[in-house]
Amino acid sequence: MIKLIFLGTSSGIPTKKRNLPSIFVMYKKDRMLFDCGEGTQRQLMIKKLKFVKISKIFITHWHADHFSGLIGLIQSMELEGRKEPLYIFGPVHTKKFTEQFISVGYFARRFDILVKEMKNEDVVDFGNYIIQSFEVKHRIPAIGYIFQEKKRINIDTKKLAKYNINKGPLIGKLKRNGFIEKDNTLIKLEDVSIAKNGRKIVYTGDTKYFPELEKYAEKADIFICDATFDDEYSKKAYIYGHCCASIAAKIAKAVNVKKLYLTHISRRYSEENKTDKIIQNQARQIFKKSYLARDLLEVNVR
Ligand SMILES: [Zn+2]
Ligand SMILES: [Zn+2]
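Residues numbered from 1 in each chain as written. Chains lettered and ligands numbered in written order. Predicted model: local features only at pLDDT ≥ 70, side-chain atom pairs only at ≥ 80, totals over all residues.

1. Here's the deal with the domain arrangement of the protein chain
Stage number 1. Here the protein chain is partitioned into domain 1 (2–151 + 197–301) and domain 2 (153–194).
Stage number 2. Here the C-alpha centroids of domain 1 and domain 2 sit 40 Å apart. (Domains from an automatic or database assignment.)

2. Details of the sheet that holds strand β7 (residues 123–125)
Stage number 1. An order of β7-β8-β9-β14-β15-β16-β17 is seen for the seven strands of this open sheet, with the pairing classed as mixed. One side of each edge strand has no neighbouring strand; the edge strands of this open sheet are β7 and β17 (290–292). The average undirected angle you get between the axes of adjacent strands in this sheet is 15°.
Stage number 2. As paired elements, strand β14 (residues 200–203) and strand β15 (residues 222–226) share three bridges and run parallel to each other. Within β15, the residue paired with Tyr-203 across the bridge is Ile-224.
Stage number 3. This element, helix α9 (residues 245–254), spans β15, β16 (259–263) and β17 of the sheet and lies at about 160° to β16.
Stage number 4. Packing against the sheet, helix α10 (residues 278–286) makes contact with β16 and β17, and its axis sits at approximately 175° to β17. (Pairing = 2+ DSSP bridges. Helix = DSSP H or I, 4+ residues; strand = E, 2+ residues; numbered from the N terminus. Axes fitted to C-alpha atoms, helices over the stretch in contact; angles between N-to-C directions. Contact = placed C-beta atoms within 7 Å.)

Right, dumping it as structure tokens:
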């Protein structure tokens, strides 16, 4: 299972209900953050998630709403005795920005911070999954990220039973080596397994519409798209480098996304003034499986 938790879903300024952008993703033993806005630590605490376990942070761009939580988080990691290196990924100038903010203040740091700047369509291989970056169109250099799980090989127990193999060490060997021999018969992994496409999560960060977004979002299980404004402000959205409700929904529909999550919500929308559902409602008229992301919302990707 891949677990995804929206820690912050506001845009430039937080609100009482929405923190600044950050998304937590848990995959097997890996814990990672996509963006790390101010207040991310408290959101992690509310969800009982340990700072020390986070090993990778992917920053979409160096607007303060997306990175202002980093300094405090790094200091807390130090106070909690982190030893393992922390990996920070981001667009051009990430090295410069990281060096600057880790030199702010007088706190010691006993773990390494390793930085990788990602260009358009760079891929980092993490074994069971890859992370691909893609350049988006914002007011400053910015990237989005694709989490793509590799093909999953599921053993088909019915097929296996034909060879009189039940669960046991032979299966482990089969998975490791790709074949086993039993009673002078060669059994190949592909004969007794089903390959399933890996799961895909796409996060745009801040961006206005551009045609390649469709290519990147294609067939995503979860497409998390900038939806700062509702359609009434579509021109403003474009000028400020953001998407709005129907644009996100049109992309999701065009490229067979399974679920669309709308995030980076402007503070003009709130429960108090009964405008919080506008964005979701507009998106749903085009693409039914559109959801307004909320802080602390958990999504399990099966
Ligand atoms: Zn932003
Ligand atoms: Zn921005």
